[in-house]
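Coordinate analysis (summary)
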Amino acid sequence: LTNPGANGECKGIANTNFGRPVSAAFAEDDLIRGWGKRHFNWEFSAGVQHEIVPRVSVDLGYFRRWFGNFQVVDNLAVGPEDFTPYSITAPVDPRLPDGGGYTISGLYDINPAAFGRPGNYRIQLSDDFGKRIEHWNGVDAGVNLRLPNGAVLQGGLSTGRTSTDDCEVVSQIGSTGFGSALSGFNASPSDGPSTLYCHVDAAFQTQVKFIGSYTIPRIDVQVAGTFQSRPGPQLSANYTATFADYGPALGRVLAGGNLNSTVGVNLIEPGSIYGERLNVLDLRINKIVRVGRMRTSLGIDVYNAMNVSTVLSQNNSFSAWQVPTAIVTPRFAKFNLTLDF
């Protein structure tokens, strides 16, 4: 076990400096000195509000946020030429796009000759290698109604999506490079210069929310409710590929491994598939009783009035894909008593 190289007992380890007091990273002077080097984000927003008729108004807003000065960790000990590309075939499954069976290419494994080579990490700005973007664009629209007898209705929708692109950068330094120095040390050496899923335009995620209340005259009964509709969780399909999957294209076992070595592959593009939407209605009914200067409110709150059983989170491992791990709390009621004096 003390021999970091391949021997009769064990395979070689990915980093032969593991466990040694060796500093393997340094930061470029251009990153740590001067102005405008830190990670930043800017936001632009514009909105308009207009009263259509008395007590009824609408508003509309646009928001854009973008990020910059991304840091990357470049391992100077290896380059794109030290990796071998390969592909796998996704399993056939009706839940996958087009029923599965498609080819996922752009995967890389480090060459055996470079496996175990001590890392030499340089931390610098991603702009030194190419353009990297991360943008968010969103729109909000709402309505506000205030009618006689205390009737109120407010709500609207909010939608937006995130766009990312790091293709130019990962093609040069590999997908292990983003983040902090620590993420560079811990990243798998088999990632390589893969541009798989390097450009992602996530689907627009729309939320709809409304709240309303009304006091019934003469009998002093308040009725209120809230409704919300939110998008489901973003899904991934993390597949464990065996030698039978990657072997035909790679032509060998994974570097430093054996026939039992596996590699994880996401079978679907990030941001392309989402779970079931959550539609929840909550209600409140209160009876107001006035005695002299005292006011008593006796009511009941009903949560998840439609008793939906929407899945809130799912298993993203393909071996148990889309198995629910949490669902919305079923319908329940709460009684309340309020005394004002």
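We now turn to the structure provided with this report. (Residues numbered from 1 in each chain as written. Predicted model: local features only at pLDDT ≥ 70, side-chain atom pairs only at ≥ 80, totals over all residues. Heavy atoms only, no water.)

Right, let's get into the overall build of the protein chain. Per the secondary structure count, the protein chain includes four helices and 19 strands. Here the protein chain has a C-alpha radius of gyration of 28 Å; the compact-globule value for 341 residues is 20 Å, and the former is much larger. For the protein chain, the C-alpha atoms occupy an extent of roughly 90 × 50 × 40 Å along the three principal directions. Classification of the 341 residues of the protein chain by burial places 33% in the buried group. By element, 57% of the accessible surface of the protein chain is carried by carbon and sulfur atoms, the whole surface being about 19,800 Å². Measuring between centres, the 27 positive side-chain charges of the protein chain sit 13 Å from its 29 negative side-chain charges. (Helix = DSSP H or I, 4+ residues; strand = E, 2+ residues; numbered from the N terminus. Rg over C-alpha atoms; globule rule 2.2 N^0.38 Å. Buried < 20%, exposed > 50% of the residue type's maximum accessible area, 1.4 Å probe, protein only. Areas by Shrake-Rupley, 256 points an atom, 1.4 Å probe, with all protein chains shown as cover. Lys, Arg positive; Asp, Glu negative; His and termini not counted. Charge placed at Lys NZ, Arg CZ, Asp CG, Glu CD.)

A few words now on the pattern of salt bridges. On inspection of all chains with the given rule, the structure shows nine salt bridges. Arg-117 is the salt-bridge partner of Asp-82, the closest N and O atoms lying 3.6 Å from each other. Pair noted here: Asp-82 is in the loop between strand S4 (71-75) and strand S5 (83-89) and Arg-117 is in the loop between strand S6 (103-110) and strand S7 (121-125), with a separation of 35 residues, a long-range link. Exposure remark for Asp-82: the relative accessible area of 13% places this residue in the buried category. A salt bridge links Arg-284 to Asp-301; the shortest N-O distance between them is 2.6 Å. Of the two residues, Arg-284 is situated in strand S15 (residues 278-291) and Asp-301 in strand S16 (residues 294-303); the sequence distance between them amounts to 17 residues. (Salt bridge = Lys/Arg side-chain N within 4 Å of Asp/Glu carboxyl O.)

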